[in-house]
Amino acid sequence: MDILSKQLSDYLENLVPPRHPELKKMEDYAAKNNFPIIGPICGHLCYQMARTIGAKRIFELGSGYGYSTAWFAQAVKENGGGEVHHVVWDDELSKMAREHLKTLGYEGTVKYTVGEAIQTLQHSQGPFDLIFNDIDKADYPKSLPLIYDKLRVGGVLIIDNILWSGRIFDDMDQSDATKAIRETTGMVMNNDRWVASVVPMRDGLLVATKLR
Ligand SMILES: C[S@@+](CC[C@H](N)C(=O)[O-])C[C@H]1O[C@@H](n2cnc3c(N)ncnc32)[C@H](O)[C@@H]1O
């Protein structure tokens, strides 16, 4: 999953400021159960982006047990309060997220939905300041027009796994997920409605600002 060398990854992780023991607990669970969370390096960048734009309304597609949500919720709280939408289709993960995020003090900030994320976004009132996409990769391209509509001008889209463990470089890999990630990258990078960069940390984040 991590495309960085262990040396670089360890170095970057050590630069992340100390975090709440509950977040460390969530990281340990991911490591033991091989659950793909964004991890502290990307989590901290997500937090930074949300603080930078003063995000008060954040929508996550594919939230897992609340690890990425926690970073966004911290930013929203520090920005003066607002809401982070946690959306996942697994009831058990949603329950786990509620427990963790309650312990972290984000009750009242996080709104939970158990359901399909694109449909949930469709039925949610925009605009959002920041949208984070971490759903099944084959569905990335079809989520993009809706995300664009629901994001405010100047808002930020962050898409996870944009380097897909390097599989995007392998021409022999024509799986739906890999093709969808390549397509999504092109849809954002070659589009004058967005200004975007690929940040090659962990599995790669696409960070895009909606220009108009
Ligand atoms: C990669 S994990 C999320 C990790 C989380 N962003 C974090 O860093 O803590 C993606 C989760 O979203 C769920 N998921 C995938 N596609 C989804 C969709 N279209 N709607 C709702 N949940 C989805 C998966 O079952 C999985 O639990």
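The structure we're discussing is the one just above.
Caption draft 1: Region of interest: the overall build of the protein. Looking only at helices and strands, one finds eight helices and seven strands in the protein. What you see for the protein is a C-alpha radius of gyration of 16 Å, in line with the 17 Å of a compact globule of 212 residues. Taken over the C-alpha atoms alone, the protein extends approximately 45 × 40 × 30 Å along its principal axes. Within the span of the protein, comprising 212 residues, buried residues form 52% of the whole. Long-range contacts, defined as pairs at least 24 residues apart, comprise 70% of the intrachain contacts of the protein with a sequence gap of at least 6. Accessible surface, the protein: about 10,000 Å² in total, of which carbon and sulfur atoms supply 52%. Taken together, the 24 basic and 28 acidic charged side chains of the protein have centroids lying 5 Å from each other.

Caption draft 2: The pairing of strand 2 (residues 83–88), seen in detail. Most of strand 2 sits inside the fold, with five of its six residues counted as buried. Traced from strand 1 (residues 57–61) through helix 4 (residues 67–78) to strand 2, the parallel crossover comes out right-handed. Pairing geometry for strand 2 and strand 3 (residues 110–114), over five bridges, is parallel. Each residue of the ladder has a partner; that of Val87, found in strand 3, is Thr113.

Caption draft 3: Highlighting the site of the ligand. Around the ligand sit 20 residues, and of these Ile38, Ser68, Glu116, Ala117 and Asp134 come closest. The side chain of Glu116 places a nitrogen or oxygen atom 2.7 Å from a nitrogen atom of the ligand. Protein chains shield 92% of the accessible area of the ligand, which is 600 Å² for the free molecule. Here the shell around the ligand is built from residues that sort into eleven nonpolar, five polar and four charged.

Caption draft 4: Here's a closer look at the pairing of strand 6 (residues 194–199). Taken together, the six bridges between strand 6 and strand 7 (residues 205–210) define a ladder with antiparallel strand orientation. By the bridge assignment for strand 7, Val195 is matched with Thr209. Linking strand 6 back to strand 7 in an antiparallel pair, the connection comprises five residues, with Arg202 at a positive phi of about 50°.

Caption draft 5: Up close: the packing of aromatic side chains. Throughout the structure, instances matching the rule amount to seven aromatic pairs. Residue placement shows Arg167 over the ring face of Trp164; its charged tip is 4.2 Å from the ring centre.

Caption draft 6: Molecular detail of helix 4. The end-to-end C-alpha separation of helix 4 is 17 Å, in line with the 16 Å expected for twelve residues at 1.5 Å each. Positive backbone phi, approximately 110°, marks Gly80, located one or two places after helix 4.

Caption draft 7: Layout of the state of the cysteines. Under the counting rule described, the total for this entry stands at zero disulfides. Between Cys42, a free cysteine, and Cys46, which holds the nearest cysteine sulfur, the sulfur-to-sulfur gap is 6.6 Å. Taking relative accessible area as the criterion, Cys42 reaches 1% and is therefore assigned buried.

Caption draft 8: Fine view of the sheet that holds strand 6. Read from one edge to the other, the open sheet built from seven strands follows the order 3-2-1-4-5-7-6, with strand pairing classed as mixed. At either end of the open sheet lies a strand with only one pairing partner, and these are strand 3 and strand 6. Geometrically, the sheet is characterised by an average inter-axis angle of 15° between neighbouring strands, direction not taken into account. For strand 1 and strand 2, the ladder comprises three bridges, and the chain directions are parallel. The residue of strand 2 that forms the bridge with Phe59 is His85. In this fold helix 5 (residues 91–103) packs onto strand 2 and strand 3, with an angle of close to 165° to the strand it touches most, strand 3. Lying on the sheet, helix 8 (residues 176–189) is in contact with strand 5 (151–160), strand 6 and strand 7; it crosses strand 6 at an angle near 135°.

Rules used throughout
- Residues numbered from 1 in each chain as written.
- Predicted model: local features only at pLDDT ≥ 70, side-chain atom pairs only at ≥ 80, totals over all residues.
- Heavy atoms only, no water.
- Helix = DSSP H or I, 4+ residues; strand = E, 2+ residues; numbered from the N terminus.
- Rg over C-alpha atoms; globule rule 2.2 N^0.38 Å.
- Buried < 20%, exposed > 50% of the residue type's maximum accessible area, 1.4 Å probe, protein only.
- Contact = heavy atoms within 4.5 Å.
- Areas by Shrake-Rupley, 256 points an atom, 1.4 Å probe, with all protein chains shown as cover.
- Lys, Arg positive; Asp, Glu negative; His and termini not counted.
- Charge placed at Lys NZ, Arg CZ, Asp CG, Glu CD.
- Right-handed = clockwise from strand over helix to strand, strands pointing away.
- Pairing = 2+ DSSP bridges.
- Near = heavy atom within 4 Å.
- Polar contact = N/O pair within 3.5 Å; in protein donor to acceptor, adjacent residues only side chain to side chain.
- Nonpolar A, V, L, I, M, F, W, Y, C, P; charged D, E, K, R; others polar.
- Phe/Tyr/Trp six-rings, centres within 6.5 Å; stacked < 30°, edge-to-face > 60°.
- Lys NZ or Arg CZ within 6 Å of the ring centre and 35° of its normal.
- Expected span 1.5 Å × (residues − 1).
- Disulfide = S-S within 2.5 Å.
- Axes fitted to C-alpha atoms, helices over the stretch in contact; angles between N-to-C directions.

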